[in-house]
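One letter stands for each residue in the lines below.
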Amino acid sequence: MQVGCRVIHITPGNQTISNQVTKLSQNVKKKSAISGWRKDLKEVSKQDDTDIPRGKGNSSLRPTQKPGTGASRQDVILGTIMGITLPLSLLAMWYITIPLLGYCTVSLLGAETVETLFYVKEDMMSYLTSECPLWIAAKERAYLENRSDQEIRRVTNITQREFIEIVKQGEPIVISDALRDWESFGLFNCEYFMDKYPEAEYFDWQGQKQLTLGNITHREGFKGMDCASGYMDMNWESNDKYVKEWLSKMKLPYFYPEDTIMESAFNYQGNKSPPMTGFLGVPGTGVSPHIDETCENFMTVQLSGVKHWSLSWPVREGDKLQWSKPLVVTLYPGEALMWYVSMRHHTEVIQDCSLSFSFTLKHPPPKDYYERLIQDFKRVEKTERDNLYIDTGVADIDFIDTCNLFETQGNVYIT
Ligand SMILES: O=C(O)CCC(=O)C(=O)O
């Protein structure tokens, strides 16, 4: 026998079931009687369904709101009030409550403390959410975001004379075809170095230790090349033995006057470590803003990977010194970037594993820029300069006092 959707088999020995079926049939009849307004009676087999009280208070049967006819008058009024007051409250919270709370917090703790707390919070968030250890602090990130609209120029095919003039002004510049005749361009990259020179070493920033290139993919706590980033010092014995081979494939760029190369990597005789440093890093890593405490010109050459660079330098406003808004440039393989003494810089790899070398060179001197810088330093209290340098974490805040322009055999150098 089938009642509703349940099938019950009746056997003579099953009296209880038989009774239940009788009761269910009665229920069906009873429900059919009131089914004029309850067409949705479906589960007649549910025994306790008949016991549900169906009094006046049952909301689905309220006379003021027939099913399918929409909201009641009260609902419309309530909805209108909510529709007006909710956006108003949100606006008031955004423009009045939050600024007021901010103002009270700043008055109580002081603007500097609030700013520091904000940066600490940001650093903690980065620490918790980033897979690589934090390498650029929120405070420095904020400084970098406030960048200059000015562009760093890109040039190609420049003459030595043009190059000397650009450097004289202290203009940071990208020479896009700098490596056009370098054997290493197109050959040197991270994989090549790791395969061919597994015993060469780099200082792994994330792990804070020296590692052989052959072991980069076996760093504790990291998978493969994840977060790999560091520098190769040419003074280390492990690298010194390869320097000659590396340099044999990196020649003096075509725009450099050959007779002025003094104690540089490009006239390396093999007796002493050349003034150059290698940098290797995967996307998402880089070097936080800093200045190098030497006086020579800097040239980086990008052999593989793509990197963002920022550069800024001290500017004087009245009796105050501050860092100029950072100029940002993207450096592609085959390009070289020039920058100068006291320029604060940072890098971030944005594509492919980056391999680059930075060189220091004494010629040509950034004469106009350097002399203006020294003049500006003289016009302000020394603490202005100190604070600027302390800000970048330099070890010797007086390093610039040792810098000099000097002339020999008709050429001027900076050292
Ligand atoms: O190439 C880099 O990522 C960093 C270079 C740098 O900071 C330097 O040469 O001083």
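Caption draft 1: Broad picture of unusual backbone geometry. Here the bond from H363 into P364 is cis, since omega is -10°, no more than 30 degrees from zero. Take P364: it is sitting in the loop between β15 (344–361) and α8 (367–379). Despite not being glycine, Q208 has its phi angle at roughly 55°, a positive value. The residue Q208 is located in the loop between β5 (201–204) and β6 (209–212) in this model. One non-glycine residue, Q409, lies in the positive phi region at around 50°. Structurally, Q409 can be placed in the loop between β16 (405–408) and β17 (411–414). Exposure remark for Q409: the relative accessible area of 78% places this residue in the exposed category.

Caption draft 2: Here's a closer look at the state of the cysteines. On inspection of all chains with the given rule, the structure shows three disulfides. Note on cysteine connectivity: C190 is disulfide-linked to C353, with sulfurs 2.1 Å apart. Between C190 and C353, the disulfide has an S-S torsion of -90° and is therefore left-handed. Separated by 163 residues along the polypeptide, C190 in helix α6 (residues 190–196) and C353 in strand β15 bring together distant segments of the chain. This pair shows no difference in class: C190 is buried, exactly as C353 is.

Here is what the cut-offs are and how they apply
Residues numbered from 1 in each chain as written. Predicted model: local features only at pLDDT ≥ 70, side-chain atom pairs only at ≥ 80, totals over all residues. Heavy atoms only, no water. Helix = DSSP H or I, 4+ residues; strand = E, 2+ residues; numbered from the N terminus. Buried < 20%, exposed > 50% of the residue type's maximum accessible area, 1.4 Å probe, protein only. Disulfide = S-S within 2.5 Å.

Any link to function would need more than the numbers given here.
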